[in-house]
Amino acid sequence: MALQDGFSVFLLKFALLLFVLHPTNAGGLKVGYYQKTCPAAESIVRKTTARFISQAPTLAAPLLRMHFHDCFVRGCDGSVLLNSTTYNLAEKDAIPNLSLRGFQVIDAAKYILEKICPGVVSCTDILALVARDAVSMINGPYWEVPTGRRDGRVSIASETLTNLPPFFANVTQLKAMFSAKGLSVKDLVVLSGGHTIGISHCLGFTSRLYNFTGKGDTDPSMDPNYIVLLKKKCKPGDLNSIVEMDPGSFKTFDESYYTIVAKRRGLFESDAALLNDEETKAYVKLQATSHGSTFFRDFGASMINMGNIGVLTGKNGEIRKQCAFVNY
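Keep in mind the model is a prediction, meaning the values are calculated, not measured.

Novice: Looking at this structure, how should I read the overall build of the chain?
Specialist: If you tally the helices and strands in the chain, you get 14 helices and two strands. The C-alpha radius of gyration of the chain comes to 21 Å, within 12% of the 20 Å expected for a compact globule of 328 residues. Counting only C-alpha atoms and orienting by the principal axes, one finds that the chain spans roughly 65 × 60 × 45 Å. Carbon and sulfur atoms provide 59% of the accessible area of the chain, an area that totals close to 15800 Å².

Quick look at the structure:
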């Protein structure tokens, strides 16, 4: 009996250890974390975000992407916000992040918060709140954001290349990269729905139009009629022209992304890849045929899951005074 009790205690400790080490462990985060220390925090962030989005609604997409890119590299620690230094190239200046925009929104909110509640609200929490608010302001879902993250002090450009899913990833690679962050296959296909807003340069998909296998061919998984349309916008060698990721509604957050993917009109290889797995394909078909019956609810849940990746809490990390610089 004693042996059995000892084994049970061992299993309990082992389970607790796994919980602590899990990449999405969010110990210390809670909704309304700043309610006592800075009651106006979320209101300030929302008003600041609204000021920018009302003038430039297209900022919502890069702000959402910024949060995603932050969480997938070193966890949600605001490392994507840090500037490069003389001796270090930061994530912000890595090739996958050169098209990010909207840093001024984070900085504006931080400036006000430091005046009212100095040293209290982290930059990474501001980013998580801004991403939520920006999406909701373009007719997207609203979800409660658990807060209490602290800011990291390290940002290394090269880490983006091994942690951010590339636009040419196949479904096996995508599933592995999401799993490594503690996210499920459902999280993968739900968060891919963020491509309902935003634009892409031709560089992101031109190989699908002109040289898919190196033989001057097109990608057979893409609707050939859509290829004809895209070729009119992206001529051979044109890497800089811009194309809407969700034609017709790229400024509005809705479920139409799944409709275009189901029609084999997803812009990136990573979009098309969702039809090559039974679970992701089933979700695409469900949302495409049910007018996104569960998409908004699912998106909020998956964003919370993503926002839990590798967070720093307690005495780990710091609360930056300026989001682009570590404290000294």
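Having seen the model, we can carry on.
Novice: Where do I start with the side chain of Ser200 in this structure?
Specialist: You can see Ser200 is positioned in strand S1 (residues 199-201). Beyond its immediate chain neighbours, meaning those up to four positions away, Ser200 contacts Phe205, Ser241, Ile242, Val243, Met245, Leu267 and Phe268.

Novice: How do you make sense of the pattern of salt bridges when you look at a structure like this?
Specialist: Proximity of charged atoms lets side chains of opposite charge pair with each other. All told, the structure shown has eleven salt bridges when counted by the stated rule. Linking Arg46 and Asp133 is a salt bridge whose minimum nitrogen-to-oxygen distance equals 2.8 Å. Here Asp133 lies in helix H5 (residues 123-136) and Arg46 lies in helix H2 (residues 41-55), a separation of 87 residues in the sequence. Exposure remark for Asp133: the relative accessible area of 0% places this residue in the buried category.

Novice: Is there a simple way to explain the nonpolar core in this structure?
Specialist: Most often, soluble globular proteins keep nonpolar side chains buried together rather than apart. Leu63, Met66, Leu81, Ile106, Phe299 and Met306 are the most contacted members of the largest nonpolar core, which totals 68 residues. Once residues lying within four places of it in the same chain are set aside, the contact partners of Leu81 are Met66, Lys92, Phe103, Ile106, Cys123, Leu127, Arg320, Cys323 and Ala324. If you look at the next biggest cluster of nonpolar residues, it comprises twelve residues, including Leu209, Tyr226, Leu267 and Phe268.

Novice: Whenever I open this one, the environment of Thr124 confuses me. Can you help?
Specialist: Along the chain, Thr124 turns up in helix H5. A residue is classified by how much of its surface remains accessible, and Thr124, at 0% relative accessible area, is buried. As for Thr124 and Gly152, which are separated by 28 residues in sequence, their C-alpha atoms are 8.8 Å apart. Excluding residues that lie within four positions of it along the chain, Thr124 makes contacts with Asp70, Cys76, Asp77, Gly78, Arg149, Arg150 and Asp151. A polar contact of 3.2 Å, which involves the side chain of Thr124, links it to the backbone oxygen of Cys76.

Novice: Got a minute to help me understand the packing of H2 against H5 in this structure?
Specialist: A pair of packed helices can be characterised by two numbers: the angle between their axes and the separation between those axes. Contact geometry for H2 and H5: axes closest at 9 Å, N-to-C directions at 50°. Of the possible angle classes, the one that applies to H2 and H5 is oblique. Crossing of H2 against H5: the hand is right-handed. In contact with Glu42, Val45, Arg46, Thr49 and Ile53 of H2, H5 contributes Ile126, Leu129, Val130, Arg132, Asp133, Ala134 and Ser136. For the contact of H2 with H5, a count of residues per class yields six nonpolar, two polar and four charged.

Novice: Teacher, can you tell me more about helix H13 (residues 278-289) here?
Specialist: Note: α-helices contain 3.6 residues per turn, so residues at a spacing of three or four share the same orientation. Here H13 contains twelve residues, and its C-alpha end-to-end distance of 16 Å stays within 8% of the 16 Å for a straight helix at 1.5 Å per residue. Of the surrounding secondary structure, the elements contacted by the buried residues of H13 are helix H7 (171-180), helix H8 (185-191), helix H11 (256-262) and helix H14 (295-306). The N-cap residue of H13 is Asp277: its side-chain oxygen and the backbone nitrogen of Glu279 are 3.0 Å apart.

Novice: Sorry, what's going on with the confidence of the model for the chain here?
Specialist: Regions with low pLDDT carry predicted coordinates that are not meant to be interpreted in detail. Per-residue confidence for the chain gives a mean pLDDT of 92; residues scoring 70 or more make up 92%. Contacts of residues 1-25 to residues separated by more than four positions or lying in other chains number 17 contacts, the stretch itself having pLDDT below 50.

Novice: Help me understand the environment of Val171 in this model?
Specialist: Summarising the element assignment, Val171 is placed in helix H7. Note: C-alpha distance between Val171 and Arg149 (22 residues apart in sequence) is 31 Å. In contact with Val171, not counting residues within four places along its chain, are Ala273, Asn276, Asp277 and Thr280.

What counts, and where the lines are drawn
- Residues numbered from 1 in each chain as written.
- Predicted model: local features only at pLDDT ≥ 70, side-chain atom pairs only at ≥ 80, totals over all residues.
- Heavy atoms only, no water.
- Helix = DSSP H or I, 4+ residues; strand = E, 2+ residues; numbered from the N terminus.
- Rg over C-alpha atoms; globule rule 2.2 N^0.38 Å.
- Areas by Shrake-Rupley, 256 points an atom, 1.4 Å probe, with all protein chains shown as cover.
- Contact = heavy atoms within 4.5 Å.
- Salt bridge = Lys/Arg side-chain N within 4 Å of Asp/Glu carboxyl O.
- Buried < 20%, exposed > 50% of the residue type's maximum accessible area, 1.4 Å probe, protein only.
- Core = buried A, V, L, I, M, F, W, Y, C linked by side-chain atoms within 4.5 Å.
- Polar contact = N/O pair within 3.5 Å; in protein donor to acceptor, adjacent residues only side chain to side chain.
- Axes fitted to C-alpha atoms, helices over the stretch in contact; angles between N-to-C directions.
- Parallel < 35°, antiparallel > 145°, perpendicular 65-115°, else oblique.
- Left-handed = near helix turned anticlockwise from the far one by under 90°.
- Nonpolar A, V, L, I, M, F, W, Y, C, P; charged D, E, K, R; others polar.
- Expected span 1.5 Å × (residues − 1).
- pLDDT = per-residue confidence, 0-100.

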